[in-house]
Amino acid sequence: RSASRLTPYRCSGVGLALCRRLLEEDGRIHLCIACRNAQKSEATRDLILTTHPAAQVSTVEVDLGSLASVLRVARELRCRFQRLDFVYLNAGIMPNPHVNFKALWHGLLTGRLLHMLTTAEGVMTQTDRLNGDGLQEVFATNLFGHFILVRQLESLLCGNEKPSRLIWTSSSNARESAFSLSDYQHAKGQESYSSSKYATDLTSVVLNRKFNKQGLYSSVVCPGLVMSNMTYRILPVFLWKLLMPIMWLIRFFAKTYTLTPHNGAEAHTWLFKQKPEYLDALVKYHSCTSGLGKSYVEPRKMDVDEEIAEQLYQKLLELEKQALERYSDLLD
């Protein structure tokens, strides 16, 4: 069986591990990897081919934070493929992350420290900014760019003989308290990453309602705490070196400390093998790892309001309309 798979950019860390794990599951698939620059795409392709030399691996260049880039790559994919079986929506940024040490200390005193360490609730703040399209950068990259991509690829995803799948990388940090429908781009707060991931959960729920009958199914996963380029930017390298033994110890109590990209891709890989019509659209699938290193998937009901999800979807459609009017020259 030859099939097309799309793994959007940031194809290192969990993205690279996912590509390798998918090929271990089915070496006949066609992987199409997407990164922000061509050099990184080719480097990722070369890494995959070192372990899977017979694999079908192609590349595309896309910046999910640029609407023009998203529209161009969607047009390219429509020319290159007749269908897409899986789209892994894995791109994400967390600009200028800062640790709130005062909140950590308060968590220690109130007995909530473990919860805060496993969800990053109240621990992480970010400084967001506007991108070239006049959108909040985190919202644009983590959610809206993906949304536009999916909408532009509907002809490859809907109405196929077999169901097509969207698999979004969300987070345990996706919290309703960080999200506001009146400020869905999170221009006024300091938890843009958490807001964008909660908006991702809402969007996935609505997409199932809109597209299941057309054979398109959407799921969200949480890779857990993975040591990746994004994670390493939060603290200086020497601090991570000091903390790593403690983090391995914490994993005996916090199963979401997957730590390695291979473990973090557990839920992504597990969903590759499932029949989508039997999955619960209101569940997030978490990659987990036991203290002894055994990986497994834990389904958890999402804390989402379906009415809010529908309202967000309508706002995304309005924003999409404005974007397409601006970039009408990039449409077929």
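Residues numbered from 1 in each chain as written. Predicted model: local features only at pLDDT ≥ 70, side-chain atom pairs only at ≥ 80, totals over all residues. Heavy atoms only, no water.

Hey, could you run me through the overall build of the chain in this one?
A tally of helices and strands in the chain yields 13 helices and 10 strands. With 332 residues in all, the chain has 57% of them scored as buried. Counting only contacts in the chain whose residues sit at least 6 apart along the sequence, the fraction spanning at least 24 positions is 74%. As displayed, the chain offers around 14,800 Å² of accessible surface, 54% of which is attributable to carbon and sulfur atoms. (Helix = DSSP H or I, 4+ residues; strand = E, 2+ residues; numbered from the N terminus. Buried < 20%, exposed > 50% of the residue type's maximum accessible area, 1.4 Å probe, protein only. Contact = heavy atoms within 4.5 Å. Areas by Shrake-Rupley, 256 points an atom, 1.4 Å probe, with all protein chains shown as cover.)

How do you make sense of the environment of alanine 178 when you look at a structure like this?
As for its position among the elements, alanine 178 is in the loop between β7 (164-169) and α8 (192-211). A relative accessible area of 5% means that alanine 178 is categorised as buried. Put simply, alanine 178 and alanine 199 are 21 residues apart on the chain and 9.9 Å apart in space, counted from C-alpha to C-alpha. With residues up to four places along the chain from it excluded, the contact list for alanine 178 reads His186, Glu191, Ser194 and Ser195.

So what exactly am I meant to see when it comes to the pattern of salt bridges here?
Side-chain pairs of opposite charge can arise where the charged atoms are in close proximity. Evaluation of the coordinates by the stated rule reveals 17 salt bridges. For glutamate 191, the salt bridge is made with arginine 175, and the minimal N-O distance between the two is 2.2 Å. Taken together, the residues glutamate 191 in the loop between β7 and α8 and arginine 175 in the loop between β7 and α8 connect sequence positions 16 residues apart. Under the relative-accessibility criterion, arginine 175 is labelled buried at 10%. The salt bridge involving lysine 210 is made with glutamate 310; its shortest N-O contact spans 3.2 Å. With a gap of 100 residues between them, lysine 210 in helix α8 and glutamate 310 in helix α13 (residues 306-326) connect regions that are remote in the sequence. Residue class for lysine 210 comes out partly exposed when judged on its relative accessible area of 34%. When salt bridges with common partners are traced through the structure, they connect Arg209, Lys210, Glu306 and Glu310 into a single cluster. (Salt bridge = Lys/Arg side-chain N within 4 Å of Asp/Glu carboxyl O.)

What is the right way to read α13 from this model?
Since the α-helix packs 3.6 residues into each turn, any two residues three or four apart lie on the same face. With 21 residues, α13 should reach 30 Å at 1.5 Å per residue; the first-to-last C-alpha distance of 30 Å fits that figure. Structurally, α13 contributes buried residues whose contacts are with α3 (67-80), α6 (137-152) and α8. Residue aspartate 305 occupies the N-cap position of α13, its side-chain oxygen lying 2.8 Å from the main-chain nitrogen of glutamate 307. (Expected span 1.5 Å × (residues − 1). Polar contact = N/O pair within 3.5 Å; in protein donor to acceptor, adjacent residues only side chain to side chain.)

Explain the packing of α6 against α8 here, please?
Each packed pair of helices is defined by two parameters, the angle between the axes and the distance between the axes. Where α6 contacts α8, the two axes come as close as 8 Å, and the packing angle between them is 15 degrees. Considered as vectors, α6 and α8 are oriented roughly parallel to each other. Relative to α8, α6 is oriented so that their crossing is right-handed. Each of Val138, Asn142, Leu143, Phe147 and Arg151 in α6 lies in contact with α8, whose residues at this interface are Ser192, Tyr193, Ser196, Lys197, Ala199, Thr200, Thr203 and Phe211. For the contact of α6 with α8, a count of residues per class yields six nonpolar, five polar and two charged. (Axes fitted to C-alpha atoms, helices over the stretch in contact; angles between N-to-C directions. Parallel < 35°, antiparallel > 145°, perpendicular 65-115°, else oblique. Left-handed = near helix turned anticlockwise from the far one by under 90°. Nonpolar A, V, L, I, M, F, W, Y, C, P; charged D, E, K, R; others polar.)

I'm lost on unusual backbone geometry in this one. Help?
Positive phi values are uncommon outside glycine, yet histidine 186 reaches one of about 60 degrees. With respect to the helices and strands, histidine 186 occurs in the loop between β7 and α8. Residue classification places histidine 186 among the buried positions, given a relative accessible area of 9%. In the Ramachandran plot, leucine 259 falls in the positive-phi region, its phi being about 70 degrees despite a non-glycine side chain.

What exactly am I supposed to notice about helix α2 (residues 38-51) here?
For α2, built from 14 residues, the straight-helix expectation of 20 Å at 1.5 Å per residue is met to within 8% by its first-to-last C-alpha distance of 21 Å. Taken together, the buried positions of α2 are occupied by Ser41, Thr44, Ile48 and Leu49. Along α2, the residues classed as buried sweep out an arc of 135 degrees about the axis, all on the same side. Residues Gln39 and Thr50 are exposed on α2 and point more than 90 degrees away from its buried face. For α2, the secondary structure elements touched by its buried residues are α1 (14-25), β2 (30-35) and β3 (56-61). (Arc of directions from axis to C-beta.)

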